[in-house]
Amino acid sequence: MRRNAAGAAMANALPSANKATDTAKLCVTLARFIFMTAPRRFFLTAGLLLIGGLTESLSLVMLLPFLHFMGGGNHSTHLSIPTGFLSSIFGPTVETELWVALAVVATVIISSALITRARMLTMSRLLLDTLNKLRMDLFRSIASTRWTTFSKMRVADLDHVLTGDIDRVQQSAVSIFMLFQNGVFLIIYTVLSCILSLKMTAFAVVMGFIVFLIQAPIRKMSAEFGDKLTRERQTQYRTINDFLLGLKVTKSYNAEQRYVHELGAILERMKADALKYSGFTSLSNIIFQSATAVVACVFIYASYAVYKLDVARIVLLLIIFMRLAPRFSDIQTQLHSLFVSIQALSAMQKVVTECEANKEEARVAGDEGFIHFKLKDKLSFSHVRFSYGNGDVLKDVSFDVPANKVTAVIGPSGGGKSTIADLAMGFITPQTGHIAVDGSRLDGTTSRAWRDYTAYVPQDTYLLPASIADNLRIARPTATAQDIRKALLLAQAEFVYRFPKGIDTIVGDGAQKLSGGERQRIAVARALLKKPDLLILDEATSALDANNTDWIVDMLTKLSKKVTILLITHNPAVLRCAHRVITVQDGTVAEMKDVKRRNKKPKRKSENR
Ligand SMILES: Nc1ncnc2c1ncn2[C@@H]1O[C@H](COP(=O)(O)OP(=O)(O)OP(=O)(O)O)[C@@H](O)[C@H]1O
Ligand SMILES: [Mg+2]
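Now for a description of the structure that goes with this document. (Residues numbered from 1 in each chain as written. Chains lettered and ligands numbered in written order. Predicted model: local features only at pLDDT ≥ 70, side-chain atom pairs only at ≥ 80, totals over all residues. Heavy atoms only, no water.)

### Some details on the coordination of the magnesium ion (ligand 2)
Taken together, the protein ligands of the magnesium ion (ligand 2) are S418 (OG) and Q459 (OE1), with distances of 2.0 to 2.3 Å. Of this pair, S418 sits in helix α15 (residues 417-425) while Q459 sits in the loop between β8 (454-457) and α17 (468-473), and the two are 41 residues apart along the sequence. Take S418: its relative accessible area is 26%, and that puts it in the partly exposed class. What makes Q459 partly exposed here is its relative accessible area of 41%. (Donors = N, O, S within 2.8 Å, 3.2 Å for Na, K, Ca; no water. Helix = DSSP H or I, 4+ residues; strand = E, 2+ residues; numbered from the N terminus. Buried < 20%, exposed > 50% of the residue type's maximum accessible area, 1.4 Å probe, protein only.)

### Examining the packing of helix α9 (residues 198-214) against helix α10 (residues 216-245)
α10 packs onto α9 with a crossing angle of 40 degrees between their chain directions and a minimal axis gap of 4 Å. In terms of axis orientation, α9 runs oblique to α10. Facing F212, L213 and I214 of α9, the residues of α10 in contact are A216, P217 and R219. (Axes fitted to C-alpha atoms, helices over the stretch in contact; angles between N-to-C directions. Parallel < 35°, antiparallel > 145°, perpendicular 65-115°, else oblique. Contact = heavy atoms within 4.5 Å.)

### As for the environment of D159
One can find D159 in helix α8 (residues 155-196). D159 gets classed as partly exposed once you look at its relative accessible area, which sits at 33%. Sequence separation between D159 and Q234 is 75 residues; the distance between their C-alpha atoms is 9.4 Å. Among all residues touching D159, those that are not within four sequence positions of it are G164, Y237 and N241.

### Comments concerning the pattern of salt bridges
On inspection of all chains with the given rule, the structure shows 20 salt bridges. Of the charged contacts in the structure, one is a salt bridge between D157 and R238, with a shortest N-O distance of 2.6 Å. Of this pair, D157 sits in helix α8 while R238 is found in helix α10, placing the two residues 81 residues apart along the sequence. On the basis of relative accessibility, which here comes to 13%, the residue D157 falls in the buried class. In this structure, the salt-bridge partner of K220 is E224, at a minimum N-O distance of 3.5 Å. Here the residue K220 and the residue E224 both occupy positions in helix α10, the gap between them amounting to four residues, near one helical turn. (Salt bridge = Lys/Arg side-chain N within 4 Å of Asp/Glu carboxyl O.)

### Regarding the site of ligand 1
All residues adjacent to ligand 1 are Y388, V393, P412, S413, G414, G415, G416, K417, S418, T419, Q459 and H570. Contact between ligand 1 and Q459: an oxygen atom at 2.7 Å from a side-chain N or O atom of the residue. The greatest single-element share of the shell around ligand 1, amounting to three residues, is contributed by α15. (Near = heavy atom within 4 Å. Polar contact = N/O pair within 3.5 Å; in protein donor to acceptor, adjacent residues only side chain to side chain.)

### A few points about the nonpolar core
By size, the foremost hydrophobic cluster in this structure holds 44 residues, and its most contacted members are L472, L535, L556, L559 and L567. Residue assignment for this core shows that the elements contributing at least two residues are β5 (406-410), β8, α17, α18 (481-490), α19 (516-529), β9 (534-538), α20 (549-559) and β10 (564-568). Ranked by size, the runner-up nonpolar core spans 34 residues in total, among them I142, V169, A344 and V352. (Core = buried A, V, L, I, M, F, W, Y, C linked by side-chain atoms within 4.5 Å.)

### Considerations on the packing of α8 against α10
Closest axis-to-axis distance for the α8/α10 pair is 9 Å, and the angle between their directions is 135 degrees. Classified by the angle between their axes, α8 and α10 sit oblique to one another. For the pair α8 and α10, the crossing hand works out as right-handed. For the pair formed by α8 and α10, the contact residues are A156, D157, D159, H160, T163, G164, D165 and R168 on the first element and G226, L229, T230, R233, Q234, Y237, R238 and N241 on the second. Broken down by class, the residue content of the contact of α8 with α10 amounts to three nonpolar, seven polar and six charged. (Left-handed = near helix turned anticlockwise from the far one by under 90°. Nonpolar A, V, L, I, M, F, W, Y, C, P; charged D, E, K, R; others polar.)

### Describing the side chain of T149
Examined against the element boundaries, T149 turns out to sit in helix α7 (residues 147-152). Judged by its relative accessible area of 6%, T149 falls in the buried class. Apart from residues lying up to four places away in sequence, T149 is in contact with E354 and N358.

### Re α18
Here α18 has its buried residues at I484, A487, L488 and L490. Burial along α18 is one-sided: seen end-on, the buried residues are contained in an arc of 165 degrees. Residues of α18 that are buried make contact with α17, α19 and α20. (Arc of directions from axis to C-beta.)

So, to be careful, I would describe these as geometric facts and stop short of saying anything about function.
Here's what the structure looks like:
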């Protein structure tokens, strides 16, 4: 069986939220994910960082002889450069002309700039690859999870994870890259400064370590703030989502102000938290800058008055120090920002873990045990018990849906009719009993393949905010305009051709441009376009007036010669086309009636199949 390889890789790379609760683990998890995305590019980036750092520090070291000679007041253009610790290779001095030395320095600086550019490009590519992979893995996980799991999740939360949270994880990834870059530079400069003066470097390292320790509470606070931010942003998304989705109802009750107040309160809370956090981090900057100034003064005094280093060396050490300090400061800032944003990874992990644990382990063509369904005999429910977790909706339901017949399911509201439709589609599986298509059972591994042969018009019609043609092509992407026309005519949706743009008419958000009945007819046409083996209509014609029932009966009667139909309806008039009527009540089949019917001659010539 083929698993979603990318999703599985992410689930492995991102352990469950329980295992990786603390911030440091989250950071390591993300760093590992970056590495796993493109190990070779990761090493290339690291190599370029190292070479870049070395060339940059080399250009600094090269300043030493110039400072030395200029400090000596000697205006000769012939240089005799002491080689220091490299004397075993080059001898005690290297003799050269000033212009040659300057040309070498310029070459090193230009090379350093070129390497920096290459490094930036490689890093950007790695970052973009990582984020795209992260997004795609998350999206695939959600797409391949079981319907039952998905239906329990809030769309606003998923929306937040897929957009807001992932953007924050992007910030974390950038911080990790910058930390890595600054870390490499920090090490190179420290080594360089060790060569110039071990004692002074040791002093600077100890001071740096102390400053780092002092900032520990700020890091802790950053993590807490990040966690809070995740929750508050989630609430904000939920409020906005609820408001937008239910705007018509909200307006009908003049309840807009409630949402306005709610959002206002959330934003105020978020502002107060953000200001509190800014107060702390700005304090951290003050601590750092003050500490840097004190350390620099002590540094100059100690190197000049105590260790009596020559001026050229002190100047170079100071240059290194001045380059190191901002990097060190950047590391602090990046750590704080990382600790805030990385909390979003935890929210993402929860979704991925939940989705991966409840993955639809669908067999695909070529897998062992893959079933090519063909509904020739019957779809059967055998002693099906189903519960959403709150008492049994279906207690013991057994019935057959015979092939190429219309089977109607009727019964009181809340009796479990739509649940039966979901079971027949394989969206949900029974707790006990089973559902089979010509004897092949529907379960987590076979349901997806079965859905290739079914079409479902649910109770709540959903149309994409796209063109009518696009909406129909969800069912069959290769359908021609002629196929679409046939399906629309069969579903009595010829009104589409009265629109100036015909099937290219955009239906708008929530298909607002169409009436309820028009929406239903387009949804029926979409199902017909698929040419399914089993067609499930769940109150699919409820928005149509009584005058329209004739064509429904006519259409279903004609269709049933080639298609098996499961019809859920409250409309007794439509029952005229049913060969079998099943009444579902109190979680059981209260009555099952076969209707002996003579098929009338079809009135219309247009037929979809
Ligand atoms: N996703 C769900 N989670 C929990 N309970 C659910 C869910 N869907 C339906 N139910 C419950 O299951 C019962 C049966 O619901 P179902 O939608 O199958 O009824 P129905 O017969 O189609 O009703 P109607 O004629 O009103 O459409 C109801 O009590 C409902 O509250
Ligand atoms: Mg229903």
